[in-house]
Amino acid sequence: METLIMLALMLAMAKLLGWVFEKIGQPVVLGQILGGLIIGVFAESNEIIREFSNLGVLLLLFLAGIESDLQEFRRVGTPSIFVAGIGVLFSFILGFLVAYPFVEFHEALLYGAIMTPTSVSITVRVLMELRRLRTREGTTILAAAVVDDVLGILVLTMIISLLREGSVDYKTIVEIIVEVSGFLAIFIYLGPVFAEKAFKRISRIDLPESTTAFAVVFLILFAYMAEHLNLASILGAYMVGLTIGQTSYKKQVEDHVSVLGYSLFIPLFFVEVGMRIELSYILHASLFAVLYTAMAIVSKVVGCGFGAYLSGFDLKASLRIGVGMIPRLGVELAMLTIALSSGVIGPDALTIAIFMVFVTTILTPPLLKWVYKR
Amino acid sequence: MDVFLELALILIVAKLFGYIATKVKMPGALGQLIGGMLIGPSILNIVSYSEGIHLISEMGVVLLLFLAGLETDVEEFKRVGVPAFLIALGGVVVPFMMGYYISEWFGYGRTEALFLGGILTATSVGLTANILMEMKRLRTKEGTAILASAVVDDVLGIIVLTTLIAMHRKGHVYVEDLGTLIGEIAVFFVVSWLVGRPIVKEVLLLSERIDLPETLTAFALALTLIFAYIAEQFRIAGITGAYLAGVLIAQTDEAKRISDRIIAISYSLFVPVFLVGIGIKTDIEVLLHAGAFAILYSIIAIIGKVLGCGAGALIAKFKPKEALRVGVGMIPRMEVALIMANVALTEGVFDKGLFSIPVTMVILTTFITPPLLKWVFSRD
């Protein structure tokens, strides 16, 4: 019962503060995150609320996928590799350089690695709000997120195995690359045909909301599969959305899943993100944490922006892509928890990384809105 | 992540078994129950029914009651007429009494017996309506009477449920105190009606001004959860609060839009999880031991409704044959009975073994209704 009233409170907070922020010309998402921050002062989140909010981020990326255009997604392949590749390279090098004066060589490598993976859920929601997700920039950001995820995980895996065993395990790396490209290829080439047939059968089930229920089922299964391949689960959800978006059931599924998402799970996700932010971390940040975070922002804006510029975007669009690639969430925290539990890093690194995650989470929505307004 | 896999599995089972059930002209809910039993601990034992799934199922119950409230049409209620009231009342009193005394005679405690009686009161006429429609007999005198009584029966069922839970929570309540108890519940209803109505109206008006996706639905959900919570604070069942929220929202102009959206949310996720969840929680092994009582209880469920509703119909000047048809049409039990059994389980009145008995009753009444209906309606 306590959990249910908490959900009601979070929902009301999400919609009210979201509305206030919209009125004052700020991103709705920022309002929801700050709403969560306020609730977080009085109450704590629990396991179940976290599960609900995880379903929310999966639904969000699913909806982003269903809105996207697979043709366009294929077309931005090369630019997205540039954007992600240079972004990862820059973050790794700058992360390493900024950490090196403060810590030992080995640890500095790890700080570089932690800085690499982007997590675009915040960007996706802001772009949806601005109605700019279905642009070439929007698609590039999403495609780059896929590539970035793979590269980020490769870098982190390499560094962690280097620190733990003293050498890089190339076999694992080749395995990851092969598995992931297989996963993506199956989706992009076989997905739409399979999905059309599957939904044709499902729509014969004479029970209310069967297609919606199965959309949720596929979303969960492929999110799980992506996670099994060491990819972020949200990318699996995105790919499922992208695939279903190509079928004739697109409209029906999109309408119903967006009711399910926006009336409950997606607002809960952003509020829950806010609840996870610990104010004390932000108020008592060390100089190193501040520098590290500044570098996290600069490295993506410059790196990804440069990549975008190289692949033919103009300056303004490159800046937008760069800013869109700033946020870190999810993946880092998951990887860090693993690293922490295996004893590779100490709690200091975790604190600094969490600070960086919080700050980029809060800063990205207004920054993004700003670069799009100009 | 494992909890999500479990959720995916439950949804697949729900829709698949529901589909099979509809193919053999049975309610989808029956298939979902049986599917749940199959994957539950008694047979395949592949789901663990974790906390998260439990919460989704509880929200399913809340949403079902909210939808029931939304569909409660006060105008329609006024129009159903005296016969429907008599039929519904007979169909509540007789099964309740029979269920209570038989359970007590069989050795169950007072509270258990009260709940076992209460579960027998709520009819679910969806199945009857479908069959009569296929036989082209829905628009007969009997068909109309069954549908109208179902409207009354739903409300009576909620009153019985609310009263039982309030009694249980207060501890020992004697028949003499029942008046006070019902008075308290009535006061709660009237006060929340008077206070809640303007609040609900204002909140929905505010939500119309907020230009974010699905704000109206989100606010309706939040209101429902808050009403459920407040009801709990007054020691009244949370689901009664949800029902009340539904009734209040049904009075507003936004009712139709909210109902469409809540149906989408409920049936794509929460309600299937609730129904499959009931199956998962049903302990089949217990039935092998307490089988005799389960069957006796199911027979009481059938006879109670036929006698009670039949008697009501006779008083309302139906012919004996027509009265029998109405009585048989009121036999099937589904959602509300399961919700009551579920509440009894979460309140700690029932253990898992006792919980399985009403579930058996639901399944048996569902199976027996179609042939019985065809039989009584074909005797001309």
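Note that the coordinates shown come from a computational prediction; the quantities given were computed from them, not determined experimentally. (Residues numbered from 1 in each chain as written. Chains lettered and ligands numbered in written order. Predicted model: local features only at pLDDT ≥ 70, side-chain atom pairs only at ≥ 80, totals over all residues.)

(A) Molecular detail of the overall build of chain A. Secondary structure assignment for chain A yields 17 helices and 0 strands. For a compact globule of 374 residues, the expected C-alpha radius of gyration is about 21 Å, and chain A comes in at 20 Å, within 12% of that figure. By principal-axis analysis of the C-alpha atoms, chain A measures approximately 65 × 45 × 45 Å. Sequence separation of 24 or more characterises 79% of the internal contacts of chain A that already satisfy a separation of 6 or more. (Helix = DSSP H or I, 4+ residues; strand = E, 2+ residues; numbered from the N terminus. Rg over C-alpha atoms; globule rule 2.2 N^0.38 Å. Contact = placed C-beta atoms within 7 Å.)

(B) Representation of the overall build of chain B within the structure. Helix and strand counts for chain B stand at 17 helices and 0 strands. Taking 380 residues into account, the globule formula puts the C-alpha radius of gyration at 21 Å, and chain B, at 20 Å, falls close to it. Overall, the C-alpha framework of chain B stretches about 60 × 50 × 50 Å when taken along its three principal axes. Looking at chain B as a whole, 57% of its 380 residues qualify as buried. In chain B, 77% of the contacts between residues at least 6 apart in sequence involve partners at least 24 apart. (Buried ≥ 20, exposed ≤ 12 C-beta atoms within 10 Å, placed from the backbone.)

(C) Spotlight on the interface of chain B and chain A. With 41 residues of chain B in contact, the opposing surface of chain A contributes 40 residues. Taken together, the elements giving at least two residues each to the side of chain B that touches chain A come down to α1 (2-23), α3 (51-71), α10 (215-233) and α12 (255-281) of chain B. Grouping the constituent residues of the side of chain B that touches chain A by class yields 27 nonpolar, 8 polar and 6 charged. (Nonpolar A, V, L, I, M, F, W, Y, C, P; charged D, E, K, R; others polar.)

(D) Geometry of the packing of helix α6 (residues 110-119) of chain B against helix α8 (residues 141-170) of chain B. All names here are of chain B. At a minimum axis separation of 10 Å, α6 and α8 run at an interaxial angle of 170 degrees. By the angle class used here, α6 and α8 are roughly antiparallel. Contacts between α6 and α8 pair Thr111, Leu114, Phe115 and Gly118 from the former with Val160, Leu161, Leu164 and His168 from the latter. In the contact of α6 with α8, the residues fall into 5 nonpolar, 3 polar and no charged. (Axes fitted to C-alpha atoms, helices over the stretch in contact; angles between N-to-C directions. Parallel < 35°, antiparallel > 145°, perpendicular 65-115°, else oblique.)

(E) A look at the confidence of the model for chain B. Overall, the predicted model of chain B reaches an average pLDDT of 88, with 98% of residues at or above 70. Under the prediction, the complex receives an ipTM of 0.86, its pTM being 0.87. (pLDDT = per-residue confidence, 0-100.)

(F) Geometry of unusual backbone geometry. Phi is positive for A:Arg131, which is not a glycine, with a value near 55 degrees. Tracing the backbone shows A:Arg131 in the loop between α7 (121-129) and α8 (136-165). Non-glycine residue B:Asn45 carries a positive phi angle of around 55 degrees. If you trace the backbone, B:Asn45 turns up in the loop between α2 (28-39) and α3. Classification of B:Asn45 by C-beta neighbours within 10 Å gives exposed; the count is 10.

(G) Summary view of the environment of A:Val41. Mapped onto the elements of the fold, A:Val41 is located in helix α2 (residues 28-42). Along the chain, A:Val41 and A:Gly274 lie 233 residues apart, while their C-alpha atoms are 10 Å from each other.

(H) Focus on helix α14 (residues 291-315) of chain B. With 25 residues, α14(B) ought to run about 36 Å at 1.5 Å a step, and its terminal C-alpha atoms sit 36 Å apart, in line with that. With its phi angle positive at about 70 degrees, B:Lys317 sits one or two positions after the end of α14(B). (Expected span 1.5 Å × (residues − 1).)

(I) Local environment of the environment of B:Phe318. All names here are of chain B. When you line up the elements, Phe318 lands in the loop between α14 and α15 (320-329). Spatially, the C-alpha atom of Phe318 lies 8.9 Å from that of Glu142, the residues being 176 residues apart in sequence. For Phe318, the contacting residues outside a window of four places in its chain are Ala313, Ala323 and Val326.

(J) Representation of α10(B) in the model. Residue and element names in this part refer to chain B. Taking 1.5 Å of rise per residue, the 19 residues of α10 would be expected to cover 27 Å, and the 27 Å separating its terminal C-alpha atoms lies within 8% of that figure. The element α10 is largely enclosed, with a buried count of 15 among its 19 residues. Of the residues trailing α10, Arg235 is marked for its positive phi of about 60 degrees.

(K) Seen up close, the environment of B:Thr121. All names here are of chain B. Assignment of secondary structure puts Thr121 in the loop between α6 and α7 (126-134). Expressed as a C-alpha distance, the spacing of Thr121 and Lys305, which sit 184 residues apart in the sequence, is 8.2 Å. Setting aside residues no more than four positions away along its own chain, Thr121 makes contact with Val92, Pro95, Phe96, Leu156, Gly157 and Val160.

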